[in-house]
Amino acid sequence: MTIAGQREDAATADVTAELPANFLWGVATSAYQIEGAAAEDGRTPSIWDTFARVPGAVHLGEHGDVACDHYHRMPQDVELIRSLGVDSYRFSVSWPRVQPGGRGPVNAAGVGFYDRLVDELLAAGVAPWVTLYHWDLPQELEDAGGWPERDTAHRFAEYAGLVHDALGDRVRTWTTLNEPWCSAVLGYDQGLHAPGRTNFPDAMRAVHHLLLGHGLAGQALRAAASADFELGITLNMATAYPASDAARDVDAARRADGLSTRIYLDPLVHGHYPEDVVRDIAERGAVLPVRDGDLEIISTPLDVLGVNYYSSHVHAGGDAPHEDRIVESGLPVTAMGWDIVPQGFTDLLVRLSRDYPGLPMVITENGAAFEDSADADGFVDDVPRVEYIADHIRAVGSAVAAGADVRGYFAWSLMDNFEWAYGYDKRFGIVRVDYETQTRTPKRSALWYRDTIRASREER
Ligand code: IFM
């Protein structure tokens, strides 16, 4: 179902007043979370297909075999996107669909899906924004060692070239990686995401090889691209506040920030890893496996930094070395249990523009899961999500007013989908998905977002 024909919603407030002219509005998804068709047209398993089968790894043993069945419903979903009035749609390409097994030639049937998606978007007046890697590593590459192995970075660059050969004539903006912190730390240290390993030194090796893969892919794409090309990477970040002025709390916040933000952005932008972080991880037995020339590759110039923001935290140190305790804030939380901290968003964006100047930013994800309940028509009156999104767009505006160069905002997510280890239990969509019937019903937040975008264009 499209927005047209849905009930009209209240007019937008002035949440966009401080945003610049030509601000880019979008919605975002990722391949494994929505596509389904897990074994169709030559796609082979990714680490998420494997991990989802591990007992206890995912809520209720759920998986992405069908998900939102987007693979078969793509034209209707593009019509839904068009009806929201957004400028751009950020989606990810499934590596094992395009290059089954992670090596060898392109799979024509697999890449054909993205070829049709891009054409459909352009015909709808929506700019495609491609993310090359949103966590679905081909299982064969994990079997060969995964991201802790250097060769995976080279395999990623090769795959990126295959996708660019197919879509580069129509896609301007290319994000290499989505949230490498999640791939490395949740996947290889905490074991909460695929591939479910728990080895801190391996996670740090993964960090370096993810960044190397980004740099190699970025260089290859830029060499092949026309002038109208933008290279980006998306990081998930937060503001790390110390619980007090006490040295150990300040240090806990420094360490948290180092491992979530500076370990990525310093090499990407400044061409070196932060010394304090290198020291911190050495104390925990880990080394970044840097070889001559790697940092030049990693710091290949970026055109845009993708910022994913959901929450911020207050950090306290302790007696144990490297202790970092998240302090209860008492703030309202989302259904994920994540504190709602729009001020942390403003603080983050202002700080990024200070520490990494000259790098335009786009919010590539922001949104929230809440306990939605649908009426008989499938409509969700999700006032908390409207408030969350409005407050966070306002927070972006405050950062812009303070000098941050933020050029766009993508709501996460277009529709409810497979929320990784939480399965289908957590709903981030501004459009409801009834997984029994695959009916899509725009929630109040979708109507509000459409109206806000429209009003912000009229104001300018
Ligand atoms: O659903 C995820 C997405 O895949 C990556 N960023 C965070 C979202 C919410 O957890």
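Structure's up top.
Residues numbered from 1 in each chain as written. Predicted model: local features only at pLDDT ≥ 70, side-chain atom pairs only at ≥ 80, totals over all residues. Heavy atoms only, no water.

Peer 1: Just give me the short version of the packing of helix H9 (residues 200–224) against helix H10 (residues 247–270), but keep the residues and values in it.
Peer 2: Where H9 contacts H10, the axes come no closer than 11 Å and their chain directions differ by 40 degrees. For the pair H9 and H10, the crossing hand works out as right-handed. Along the contact surface, H9 presents Met204, Val207, Leu211 and His214, while H10 presents Leu259, Ile263, Tyr264, Pro267 and Leu268. For the contact of H9 with H10, the per-class residue count stands at 8 nonpolar, 1 polar and no charged. (Axes fitted to C-alpha atoms, helices over the stretch in contact; angles between N-to-C directions. Helix = DSSP H or I, 4+ residues; strand = E, 2+ residues; numbered from the N terminus. Left-handed = near helix turned anticlockwise from the far one by under 90°. Contact = heavy atoms within 4.5 Å. Nonpolar A, V, L, I, M, F, W, Y, C, P; charged D, E, K, R; others polar.)

Peer 1: Help me get a handle on the site of the ligand, residues and values and all.
Peer 2: In the vicinity of the ligand, the contacting residues are Gln33, His134, Trp135, Asn178, Glu179, Tyr310, Trp338, Glu365, Trp412, Glu419, Trp420 and Phe428. Within the side chain of His134, a nitrogen or oxygen atom sits 2.8 Å from an oxygen atom of the ligand. Contact between the ligand and Trp412: an oxygen atom at 3.2 Å from a side-chain N or O atom of the residue. Here the ligand loses 95% of its free accessible area of 280 Å² to cover by the protein chains. (Near = heavy atom within 4 Å. Polar contact = N/O pair within 3.5 Å; in protein donor to acceptor, adjacent residues only side chain to side chain. Areas by Shrake-Rupley, 256 points an atom, 1.4 Å probe, with all protein chains shown as cover.)

Peer 1: For the packing of helix H3 (residues 70–83) against helix H5 (residues 108–123), give the residues involved together with the corresponding values.
Peer 2: At a minimum axis distance of 10 Å, the contact between H3 and H5 shows a crossing angle of 15 degrees. One element, H3, and the other, H5, form an angle in the roughly parallel class. Considering the relative orientation of H3 and H5, their crossing is right-handed. For the pair formed by H3 and H5, the contact residues are His70, Tyr71, Met74, Pro75, Val78 and Ile81 on the first element and Ala109, Phe113, Arg116, Leu117, Glu120 and Leu121 on the second. Taken together, the residues that form the contact of H3 with H5 break down as 9 nonpolar, 1 polar and 2 charged. (Parallel < 35°, antiparallel > 145°, perpendicular 65-115°, else oblique.)

Peer 1: Account for the sheet that holds strand S7 (residues 304–308), naming residues and giving values.
Peer 2: Ordered by their spatial adjacency, 8 strands build a closed barrel running S1-S2-S3-S4-S5-S7-S10-S11, and the pairing between neighbours is parallel. Here the average twist between neighbouring strands, direction ignored, is 25 degrees. Pairing between strand S1 (residues 24–28) and strand S2 (residues 88–92): 3 bridges, direction parallel. Note on S2: the bridge partner recorded for Gly26 is Ser88. Packing of H5 onto the sheet brings it into contact with S2 and strand S3 (127–133), and relative to S2 it is tilted by some 170 degrees. (Pairing = 2+ DSSP bridges.)

Peer 1: How would you sum up the pairing of strand S11 (residues 406–412)? Please name residues and give values.
Peer 2: Within S11, 6 of the 7 residues are buried, which leaves the element mostly enclosed by the surrounding structure. With 5 bridges joining them, S1 and S11 adopt parallel strand pairing. Residue pairing in the sheet places Trp25 in a bridge with Tyr409 of S11. Where strand S10 (residues 361–366) meets S11, 3 bridges bridge the pair, whose relative direction is parallel. In the sheet register, Met361 faces S11, and the bridge partner there is Val406. Handedness of the crossover joining S10 and S11 through helix H14 (residues 383–401) is recorded here as right-handed. (Buried < 20%, exposed > 50% of the residue type's maximum accessible area, 1.4 Å probe, protein only. Right-handed = clockwise from strand over helix to strand, strands pointing away.)

Peer 1: Describe the packing of aromatic side chains, with residues and values.
Peer 2: Counted by the stated rule, this structure contains 29 aromatic pairs. Residues Trp25 and Tyr449 carry aromatic rings whose centres are separated by 5.9 Å and whose planes lie at 85 degrees to one another, so their mutual orientation is edge-to-face. In this pair, Trp25 sits in strand S1 while Tyr449 sits in helix H15 (residues 444–459), placing the two residues 424 residues apart along the sequence. Ring pairs connect the aromatic residues Tyr32, Trp48, Phe51, Trp135, Phe418, Trp420, Tyr424 and Tyr435, which therefore count as one cluster. (Phe/Tyr/Trp six-rings, centres within 6.5 Å; stacked < 30°, edge-to-face > 60°.)

Peer 1: Describe the pattern of salt bridges, with residues and values.
Peer 2: Under the defined criterion, the tally for this structure stands at 41 salt bridges. Here Arg172 ties to Asp228 by a salt bridge, and the two come within 2.5 Å at their closest N and O atoms. Of this pair, Arg172 sits in the loop between helix H7 (151–167) and strand S4 (173–178) while Asp228 sits in the loop between H9 and strand S5 (230–236), placing them 56 residues apart in sequence. One salt bridge connects Asp381 with Arg444, and the closest N-O pair in it is separated by 2.3 Å. Remark: Arg444 occurs in helix H15 and Asp381 occurs in the loop between S10 and H14; sequence separation between them is 63 residues. (Salt bridge = Lys/Arg side-chain N within 4 Å of Asp/Glu carboxyl O.)

Peer 1: Hey, could you go over the side chain of Ser456 for me, with residue numbers and the actual values?
Peer 2: Looking at the element boundaries, Ser456 is found in helix H15. Judged by relative accessible area, Ser456 falls into the buried class, the value being 2%. A polar atom in the side chain of Ser456 sits 3.3 Å from the side chain of Trp25. Excluding anything up to four places from it in sequence, Ser456 contacts Thr16 and Trp25.

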